[in-house]
Each structure stands twice: as C-alpha cells, then as structure tokens.
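# Structural overview
Here is how the chains run, residue by residue.
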Amino acid sequence: MAEEKLEKVEDKKTETKSQSKRKTQTQESIYTLQEFAQNSKKLFGVQKECVMAAFKVANKKEATPSEAKEIVEKFMRKEIK
C-alpha cells in the first residue's frame with residue numbers, strides 16, 4: 001500500500017515537470033523573419049542577409065527566438081561546397 005502511494009506521488013511529480021516544460025515553451029513569443037533580420041547583429045552577430053538565407057533554407061517565415069538562434073547557428077556552421 002505504501003508503494004502504491006509512492007508511485008502516485010512520483011507520477012504527479014513527472015506530470016508537473018512536463019507541464020512546466022510545456023508552459024515555458026509556449027510562453028515564448030513568435031517573431032517574423034523581418035524582425036530577426038532587422039536585429040541580426042544584436043541577436044546573432046551576423047548580417048541580415050545571413051538570417052534571411054538561414055530562414056529560407058529552413059523554409060520558415062517566423063519563429064521563436066530560441067528556434068531562430070538554432071536556425072541561424074545551424075546555417076552558419078554549414079560547410080560551403
């Protein structure tokens with residue numbers, strides 16, 4: 001009986017952690033490509049053309065700041081052929 005209660009408490013902790021992760025992910029605002037391009041130097045340290053190209057390759061027109069950072073970083077690390 002004590003084991004059942006312990007399992008239920010652990011399940012509740014797991015649910016709470018996953019719910020909090022979802023909340024933090026959904027709280028991030030979505031911005032357009034133009035907004036990221038206008039602030040490219042400040043946000044990513046690259047020229048606006050790099051941001052525009054990265055989004056084009058990723059086939060995106062809007063993203064959250066964390067997604068945009070990942071898109072731009074991935075694009076900038078790509079090997080030039």
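Scope of this entry: the structure provided in the associated data block.

Calculation notes
- Counting restarts for each chain, with residues numbered from 1 along the sequence as it is written.
- A pLDDT threshold of at least 70 governs which residues receive local features in this predicted model, and a stricter bar of 80 or more applies before side-chain atom pairs are shown or counted, although totals over entire chains, interfaces and linings include all residues.
- Computation of side-chain values: all heavy atoms of the structure, hydrogens and water removed.
- Remark: nonpolar core denotes a set of buried residues (Ala, Val, Leu, Ile, Met, Phe, Trp, Tyr, Cys) joined through side-chain atoms within 4.5 Å.
- Buried, partly exposed and exposed residues are distinguished by accessible area as a fraction of the type maximum, computed with a 1.4 Å probe on protein chains only: under 20%, between the cut-offs, and over 50%, respectively.
- Each helix is a run of H or I in the DSSP string that is no shorter than four residues. Each strand is a run of E no shorter than two, and both are numbered from the N terminus.
- By definition in these notes, contact holds between two residues if any of their heavy atoms fall within 4.5 Å.
- Every axis corresponds to a line fitted to the C-alpha atoms, with the helix fit spanning only the stretch in contact, and the corresponding angles, defined between N-to-C directions, vary from 0 to 180 degrees.
- The labels follow the angle: roughly parallel below 35 degrees, roughly antiparallel above 145, roughly perpendicular from 65 to 115, and oblique for the rest.
- Within this analysis, the arc is defined by the directions that extend from the helix axis to the C-beta atoms.

### Focus: the nonpolar core
A general trend in soluble globular proteins is that nonpolar side chains are found buried together. Within the largest apolar cluster, 11 residues are counted, these being Leu33, Phe36, Phe44, Val46, Val51, Ala54, Phe55, Ala63, Ala68, Ile71 and Val72. Elements supplying a minimum of two residues to this core: α2 (33–38), α4 (48–58) and α5 (65–77). Those residues in contact with Ile71, other than ones at most four positions away along the chain, are Ala54, Phe55, Ala58 and Lys60.

### A word on the side chain of Thr64
Along the chain, Thr64 turns up in the loop between β2 (62–63) and α5. Setting aside residues no more than four positions away along its own chain, Thr64 makes contact with Glu28, Ser29, Ile30 and Phe36.

### Some words on unusual backbone geometry
Positive phi, close to 60 degrees, is recorded for Asn59, a residue that is not glycine. Within the secondary structure, Asn59 sits in the loop between α4 and β2.

### Considerations on the packing of α4 against α5
To describe two helices that pack against each other, one gives the angle between their axes and the distance between the axes. Close contact between α4 and α5 brings their axes to 9 Å; oriented N to C, the two are set at 95 degrees. Here α4 is positioned roughly perpendicular relative to α5, judged by the angle of their axes. Here Cys50, Val51, Ala53, Ala54, Phe55, Val57 and Ala58 of α4 come into contact with α5, specifically with Ala68, Ile71, Val72, Phe75 and Met76.

### Focus: α4
Regarding α4, the residues found buried are Val51, Ala54 and Phe55. End-on, the buried residues of α4 take up no more than an arc of 95 degrees, which puts them together on one face. Along α4, the residues that are exposed and aim more than 90 degrees away from the buried face are Lys56 and Val57. Against the buried residues of α4 lie α2, α3 (40–44), β2 and α5. Just downstream of α4 lies Asn59, where phi reads positive at about 60 degrees.

### A short note on the environment of Glu28
Along the chain, Glu28 falls in the loop between α1 (2–26) and β1 (31–32). Put simply, Glu28 and Thr64 are 36 residues apart on the chain and 6.2 Å apart in space, counted from C-alpha to C-alpha. Not counting residues within four places of it along the chain, the set of residues in contact with Glu28 comprises Thr64, Pro65 and Ser66.

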